[in-house]
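Here is what each chain is made of, one letter per residue.
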Amino acid sequence: MSATVAAPARVRRTTRRNFDQLLIVLVLLACWQGAYEYAGSVAVTSPAGTVAYAASMLGQMWFWGDVGATAIAFAYSLLIASVLGVALGLALGLWRFAADVTEPVLAALYTIPKVTLYPVILLLFGLGLSAKVAFGVIHGVIPITLFTLSAVKGLPPVLLRTARAMRLSPVQTILWVLTPAVLPEIFTGLRVGFSLTLLGVLIGEMFASQRGLGFLIINGINLHNVPLTTAVVLVIVLAAIGANVALLAADRHLRRQR
Amino acid sequence: MNYGRKVLLARFALIVGAIALLELLCRTGVINPLTLLAPSAMAAAMVQVIASGQVTSDIIRTFSTVAIAFAASVVVGIAAGALLHAIPRLRRAMDPLLASYYAMPFFVFYPVLVAFFGLNAMPLIAIGFAAAMVAMLISTLNGLDRVPPVMLKVARMHRLGRLRTLFLVVVPAAAPSLMTGTKLALAYAFISIIAGEFILSGKGLGYQIAYAYNSFDNRTMYGLMLFVLLVVTVMNSLLHVWEQRLLRRRSRA
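Residues numbered from 1 in each chain as written. Chains lettered and ligands numbered in written order. Predicted model: local features only at pLDDT ≥ 70, side-chain atom pairs only at ≥ 80, totals over all residues. Heavy atoms only, no water.

Caption draft 1: Representation of the overall build of chain A in the model. Within chain A, the secondary structure is distributed over 10 helices and zero strands. Secondary structure elements of chain A, listed N to C terminal, follow the sequence α-α-α-α-α-α-α-α-α-α. The buried share of chain A, taken over its 258 residues, is 47%. Counting contacts in chain A only where the partners sit at least 6 residues apart, residues at least 24 apart contribute 75% of the total. Summed over all atoms, the accessible surface of chain A reaches about 13,100 Å², with 72% contributed by carbon and sulfur. For chain A, the distance from the average site of its 18 positive side-chain charges to the average site of its 8 negative ones is 13 Å. (Helix = DSSP H or I, 4+ residues; strand = E, 2+ residues; numbered from the N terminus. Buried < 20%, exposed > 50% of the residue type's maximum accessible area, 1.4 Å probe, protein only. Contact = heavy atoms within 4.5 Å. Areas by Shrake-Rupley, 256 points an atom, 1.4 Å probe, with all protein chains shown as cover. Lys, Arg positive; Asp, Glu negative; His and termini not counted. Charge placed at Lys NZ, Arg CZ, Asp CG, Glu CD.)

Caption draft 2: Expanded view of a nonpolar patch on the surface. A cluster of nonpolar side chains, namely A:Ile72, A:Tyr76, A:Leu79, A:Ile80, A:Val83, A:Leu84 and A:Leu129, defines an oily patch on the protein surface of about 670 Å² accessible area. Relative to the elements of secondary structure, A:Val83 occurs in helix H3 (residues 61–94). (Patch = residues over 30% accessible without salt bridge, like charges linked within 9 Å, V, L, I, M, F, W, Y side chains within 5 Å. Salt bridge = Lys/Arg side-chain N within 4 Å of Asp/Glu carboxyl O.)

Caption draft 3: Seen up close, the interface of chain A and chain B. The interface is formed by 53 residues belonging to chain A together with 49 residues belonging to chain B. Surface buried jointly by chain A and chain B totals about 4,500 Å² across both partners, of which 78% is contributed by carbon and sulfur atoms. On inspection of chain A and its partner chain B, the count reaches two salt bridges. We note a salt bridge from B:Arg89 to A:Asp20, for which the minimum N-O separation is 2.7 Å. (Buried area = accessible area lost by both parts, 1.4 Å probe.)

Caption draft 4: How the structure looks around the domain arrangement of chain A. Here the domain parsing of chain A yields domain 1 (1–30) and domain 2 (47–257). Computed over C-alpha atoms, the centres of domain 1 of chain A and domain 2 of chain A are 31 Å apart. (Domains from an automatic or database assignment.)

Caption draft 5: Spotlight on unusual backbone geometry. In the Ramachandran plot, A:Arg167 falls in the positive-phi region, its phi being about 55° despite a non-glycine side chain. The residue A:Arg167 is located in the loop between helix H7 (157–165) and helix H8 (170–208) in this model. A positive phi angle, close to 55°, is found at B:Arg159, a residue other than glycine. Tracing the sequence through the fold places B:Arg159 in the loop between helix H7 (149–157) and helix H8 (162–199).

Structure (structure tokens):
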């Protein structure tokens, strides 16, 4: 009964929220158009012009070659960063002393400007795929570790005590208690890691590559090809936001389930 | 020896051990000195470069840029966070934008900003502000969300005015999140401004590192790199210590 009464109100709320969000998108577009009117086409192309350019770019083979290059580097980076980060986070989380020792060090590593390390990465890995992957990994692995670590550390002690009281084996404890309890937090960490890894790969491409979307941007900057730069930026931003919205929905779903 | 001491000692040993290992690998030639300088050589190069005074203006430039961007982002971030918290409808509408903000590689906007403001400190301040402000805003929102409603009820029962409620109840309760926001804002301002100097700039530490790299001047490059890393680490450690002290005082209270 109450559900049938509540439903229209919920629909109305959702509609209003969608309306508000549309409004914000429109405001952003207006700002963009205003910037274009103010600075002219030497700085930025208009929203309409950019969308048109991006649409024609999406139909061209060379563009997809660069997308593929970025996607491969990103996939490798994300895989390495996730496995490494989750494993490290779990290990440190379960070993309290090691966690207390390393957490501030990790936090410090997280906050250093990793761009300054790019000459080192280049010298170590050379130009190309491995440097890009390394860049992605150093950006993504620490937040994933820190999220996993804090998830395990923040585990309510009663869960583990209950597991002991029920005489669960360590494997059973990990499988049926630990994993479900920390999964949402780890997923959040992976979501954050996803964004930062992408950022790292793009930075790597800007400096250390002859392929990929980051390279397209830096190439556009160097050649003063404003339409290209703006269109690539638009495509990247939309893709990043789209992926993040999807991951966020999955994240919320996981949390609700608990 | 108590637990905290032991942790500090182990951390110290870990860092010293890592540096010693790096030194050993470099000195024995496992790592090519053309790739990576030994830490001792790096430190010597740093002292030399700083003492020579040739980068003093760049240091001042970078730090003043970071300071301006950081201060502006903290003030605006807190104000905007409070505003969004006060208007739930606006907040719900902004939510997807905030959640995806850091998924955006926004330093790619930097060249556009240069075209806008010219090649001076302004685009760097803008990019630092853009990177840092939203972290402060989100932390402010988190902090305000975590003020326990019961505390606000107690404040009402004691008939505290708005200002006193704010400073005696809300700010202390939100302090840990605000601290986190401040730390993030400082780090993000640093990261994006140095990155900006790397990409396109004629001054600043990031520019000098890129310049040294392009002219194969490894000593200057590693010296400056070490300097940047040291400064950022020291600043963050100071904020961390301050934060811990605040938290301890709270848990005692």
